Amino acid sequence: QVQLVESGGGLVQAGGSLRLSCAVSGSIFRINAMGWYRQAPGKQRELVALITWVGSTNYADSVKGRFTISRDNAKTTVFLQMNSLKPEDTAVYYCNANLRRTERTTSLNYWGQGTQVTVSS
């Protein structure tokens, strides 16, 4: 089994910072990419930030310059440093890992349970 365990959400005032963490564990051959998505009430889930196996990153326009995605040396834990938070950043944040469990299996997406981020004005 593959597990993604998230931590770090919470309540913060506008302008504040939070750091999310997501650790992936289990029988894994290769992680292609890990990222963070978010879903606000009544809205579709959207990509926030992504980091690939080779370290390339991609950000939603709405968070560029404020959020930074990074990972540990083992490439099994991903972090999202969120600065200058705005009320519109309020959402449930989900960790995602696109990975292959064995050399012969196809890549699949796995999701964490989600962590609430609330930014008060």
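Residues numbered from 1 in each chain as written. Predicted model: local features only at pLDDT ≥ 70, side-chain atom pairs only at ≥ 80, totals over all residues. Heavy atoms only, no water.

### Thoughts on the nonpolar core
- Core analysis: the largest hydrophobic core is formed by 30 residues, its most contacted members being Trp36, Leu80, Met82 and Tyr93.
- When residues of this core are traced back to their parent elements, those giving at least two are β1 (2-7), β3 (18-26), β4 (30-39), β5 (46-52), β7 (67-71), β8 (77-82), β9 (91-100) and β11 (115-120).
- Examining the composition of this core, we find that five residues originate from one element, β9, more than from any other. (Core = buried A, V, L, I, M, F, W, Y, C linked by side-chain atoms within 4.5 Å. Buried < 20%, exposed > 50% of the residue type's maximum accessible area, 1.4 Å probe, protein only. Helix = DSSP H or I, 4+ residues; strand = E, 2+ residues; numbered from the N terminus.)

### Brief notes about the environment of Thr115
- With respect to the element layout, Thr115 can be found in strand β11.
- Sequence spacing of Thr115 and Tyr93 is 22 residues, and the spatial spacing of their C-alpha atoms is 5.2 Å.
- In contact with Thr115, not counting residues within four places along its chain, are Glu6, Gly9, Leu20, Ala91, Val92 and Tyr93.
- Side-chain polar atoms of Thr115 contact the backbone nitrogen of Gly9, separated by 3.3 Å. (Contact = heavy atoms within 4.5 Å. Polar contact = N/O pair within 3.5 Å; in protein donor to acceptor, adjacent residues only side chain to side chain.)

### Quick word on the side chain of Thr77
- Here Thr77 is to be found in strand β8.
- The residues contacting Thr77, other than those within four sequence positions of it, are Cys22, Ala23, Ser70, Arg71 and Asp72.

### So, the environment of Arg19
- Along the chain, Arg19 turns up in strand β3.
- A relative accessible area of 44% places Arg19 in the partly exposed class.
- Once you skip the residues sitting within four places of it in the chain, Arg19 turns out to touch Ser7, Gly8, Phe79, Leu80 and Gln81.

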